[in-house]
Amino acid sequence: MGVAMQPGSYRRVATGGAMHHVATMRFASAKKAQVWTKRGKEKVRTRTKKVACKAAALPQCDLDDMLLPCSLVAENQLDALRKVSVVVADTGDIEQVKKYKPVDCTTNPSLMLKAASMPEYEHLLRSVLSTPEKYLPEERPMSGAIDLLSVEFGSELLKSVPGRVSTECDAHLSYDTQKTIDKGRKLIDLYAAKGIEPSRVYIKIASTWEGIKACEVLEKEGINCNMTLLFSMAQAMACADVGATLISPFVGRILDWYKKAYSREYEPWEDPGVQSVKRIYKYYKLNGFKTIVMAASFRNVGEIREISGCDNITISPALLKELEDCTDPLEVKLLSADAANIQCDPEIPDYTELDSSTFNAMHSADQMATDKLAEGIESFSKDQEKLEALLQSMKGT
């Protein structure tokens, strides 16, 4: 099930009516530079070779007429990345958002739990606890308090970003279409009560089949969705079919599964999570889908560099700092106008509109995706319960 090509393997790439054999060599200890031939604006990868610094071998990108491969030179790699991707902060820590000035920000129950334990945000928790109990659901009343807390955090985050905040639906509802729809509507209403327009919010929904069908309804009502916990091509294809505004493929969690399953390390260029994003990005661009690809869940900056140029990239404060501290040129890896030449393994499938049975068969055939989706829902559900318990313990204190 590994995605990395073996040393010396070959691919056939169609260009200009001819088939070209492409040999790819893997170097474990040396960086690579791509050597290309050009016919006008057509580019064909012909070979790879060892060089001391791959960025130095590339021309600088012309942002007005970009051709790959090329590199961007800026004050640091974070500034360079901002030229080709929308940078999103993956944190619930408002001070970190103010520091790095992303366009958007995103939260989830795990990030909320971490932020809620910080003394500087106790006032937000206290404000939620002051809500009369008659406004909270009888079943799991603290789940209603978490909705309020999510909107309190989101509202504060929106003061520091020009774009949007992603707010997560309760993961316990991941397999219930109607309850997910109701929760999405409720969160938007809570934001509206604070004067925040729907155009500044994404509703985050787990990419189960039931969640995807909820997304379809909400999108038709003008409620934009961020489809999260996305690990398989089947999930990506189905989300595009229903018109999801944005998806969040999880790079690092895919890598975690492969490292455990195959007891080996992966270089960033062969990282299975990186390959997943490249496949989805290529599939969307070649089939004309408008759904935004927002890569998420990174284990190292090498993964981020390998997908530079992706529509959106949501990055933790620690990795934002690493990019900010690096002054090397940044090689651009993904470009919508050049999507046909994106190299990914395995290659993208033909366009197929999925029904529930086809989706379930395709998704279930991917053991990694099946495992990580179930694990992600369970993890977010547990962190939601911890948040509820924290709020419950603060009542009356």
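Refer to the structure printed above.
As the structure is a prediction and not an experimental result, all values here were calculated from the model. (Residues numbered from 1 in each chain as written. Predicted model: local features only at pLDDT ≥ 70, side-chain atom pairs only at ≥ 80, totals over all residues. Heavy atoms only, no water.)

## Thoughts on the nonpolar core
Across soluble globular proteins, nonpolar side chains have a tendency to be buried as a group.
And then number 1: Grouped together as the largest cluster of nonpolar side chains are 95 residues, with contacts concentrated most on Leu-149, Met-227, Ile-247, Tyr-284 and Ile-315.
And then number 2: Looking at which element gives the most residues to this core, the answer is helix H5 (residues 141-158), with 8 residues.
And then number 3: Setting aside its immediate chain neighbours within four residues, Met-227 contacts Ile-205, Ala-206, Ser-207, Gly-211, Ile-212, Cys-215, Cys-239, Ala-244, Leu-246, Ile-247 and Ser-248.
And then number 4: In this structure, Ile-254, Ala-296, Ala-369 and Phe-380 belong to the second largest nonpolar core, which totals 16 residues. (Core = buried A, V, L, I, M, F, W, Y, C linked by side-chain atoms within 4.5 Å. Buried < 20%, exposed > 50% of the residue type's maximum accessible area, 1.4 Å probe, protein only. Helix = DSSP H or I, 4+ residues; strand = E, 2+ residues; numbered from the N terminus. Contact = heavy atoms within 4.5 Å.)

## Topic: empty space enclosed by the protein
And then number 1: Inspection of the entire model under this criterion finds 4 cavities of 30 Å³ or more.
And then number 2: One number sums up the size of the second largest cavity: a volume of about 120 Å³.
And then number 3: Lining the second largest cavity we find 13 residues, and of these Pro-109, Ile-146, Ser-150, Glu-168 and Gln-384 sit closest to its centre.
And then number 4: Taken together, the elements giving at least two residues each to the lining of the second largest cavity come down to helix H3 (109-116), H5, strand S8 (165-168) and helix H14 (367-394).
And then number 5: Classifying every residue of the lining of the second largest cavity by side-chain character gives 5 nonpolar, 5 polar and 3 charged. (1 Å grid on protein atoms, 1.4 Å probe; cavity = no way out; pocket = protein on both sides within 12 Å on 5 of 7 lines; lining within 4 Å. Points joined across faces, edges and corners; volume = space filled by probe spheres on them. Nonpolar A, V, L, I, M, F, W, Y, C, P; charged D, E, K, R; others polar.)

## As for the sheet that holds strand S6 (residues 86-90)
And then number 1: Judged by pairing direction, the barrel is parallel, and its 8 strands sit side by side in the order S6-S7-S8-S9-S10-S11-S12-S13 before closing back on the first. Taken pair by pair, the neighbouring strands of this sheet meet at an average axis angle of 30°, ignoring direction.
And then number 2: Sheet topology note: the strand S7 (residues 104-106)/S8 ladder contains 2 bridges and is parallel. The partner of Cys-105 across the bridge, within S8, is Val-165.
And then number 3: Together, strand S10 (225-230), strand S11 (246-249) and strand S12 (292-295) form the strand contacts of helix H10 (residues 272-286), whose direction differs from that of S12 by roughly 170°. (Pairing = 2+ DSSP bridges. Axes fitted to C-alpha atoms, helices over the stretch in contact; angles between N-to-C directions.)

## Structural notes on the environment of Glu-375
And then number 1: Within the fold, Glu-375 resides in helix H14.
And then number 2: Note on Glu-375: relative accessible area 40%, which makes it partly exposed.
And then number 3: Along the primary structure Glu-375 and Leu-229 are separated by 146 residues, whereas in three dimensions their C-alpha atoms are 9.5 Å apart.

## So, the pairing of S6
And then number 1: Taken across its 5 residues, S6 has 4 buried, putting it largely inside the fold.
And then number 2: Two strands pair when backbone bridges link them, and S6 and strand S13 (residues 312-315) are joined in this way by 4 bridges, in the parallel orientation. Bridged to Ala-89 within S13 is Ile-315.
And then number 3: For the crossover from S6 across helix H2 (residues 94-100) to S7, the handedness is right-handed. (Right-handed = clockwise from strand over helix to strand, strands pointing away.)

## Notes on helix H9 (residues 251-262)
And then number 1: Compared with an ideal rise of 1.5 Å per residue, which puts 12 residues at 16 Å, H9 spans 17 Å between its outermost C-alpha atoms and is within 8% of the ideal.
And then number 2: Along H9, the residues classified as buried are Val-251, Gly-252, Arg-253, Ile-254, Leu-255, Trp-257 and Tyr-258.
And then number 3: Of the residues flanking the end of H9, it is Ser-263, one or two places downstream, whose phi is positive at about 50°. (Expected span 1.5 Å × (residues − 1).)

## Here's the deal with the pairing of S10
And then number 1: Burial analysis of S10 places 6 of its 6 residues in the buried class, the great majority of the element.
And then number 2: The sheet contact formed by strand S9 (residues 201-206) and S10 spans 4 bridges and is parallel. Counted as the bridge partner of Lys-204 is Asn-226 from S10.
And then number 3: Assessed by its sense of winding, the connection that carries the chain from S9 through helix H7 (residues 209-220) to S10 is right-handed.

## A short note on the environment of Leu-387
And then number 1: Within the fold, Leu-387 resides in helix H14.
And then number 2: Overall, the relative accessible area of 1% leaves Leu-387 in the buried class.
And then number 3: Separated by 241 residues in sequence, Leu-387 and Ile-146 place their C-alpha atoms 7.3 Å apart.
And then number 4: Every residue in contact with Leu-387, bar those within four places of it in the chain, is listed here: Pro-109, Met-112, Leu-113, Ala-116, Ile-146 and Leu-149.

## Focus: the pattern of salt bridges
And then number 1: Per the stated rule, a full pass over the model turns up 23 salt bridges.
And then number 2: For Glu-156, the salt bridge goes to Lys-159, with nearest N and O atoms at 2.9 Å.
And then number 3: Residue classification places Glu-156 among the partly exposed positions, given a relative accessible area of 22%.
And then number 4: Among the ionic pairs, Asp-325 bridges to Lys-321, the shortest N-O distance being 2.7 Å. Here Lys-321 and Asp-325 lie together in helix H12 (residues 317-325), a separation of 4 residues that amounts to about one turn.
And then number 5: The partly exposed category is assigned to Lys-321, whose relative accessible area is 40%.
And then number 6: In this structure, a network of salt bridges that share partners links the residues Lys-278, Glu-306, Glu-331 and Lys-333. (Salt bridge = Lys/Arg side-chain N within 4 Å of Asp/Glu carboxyl O.)

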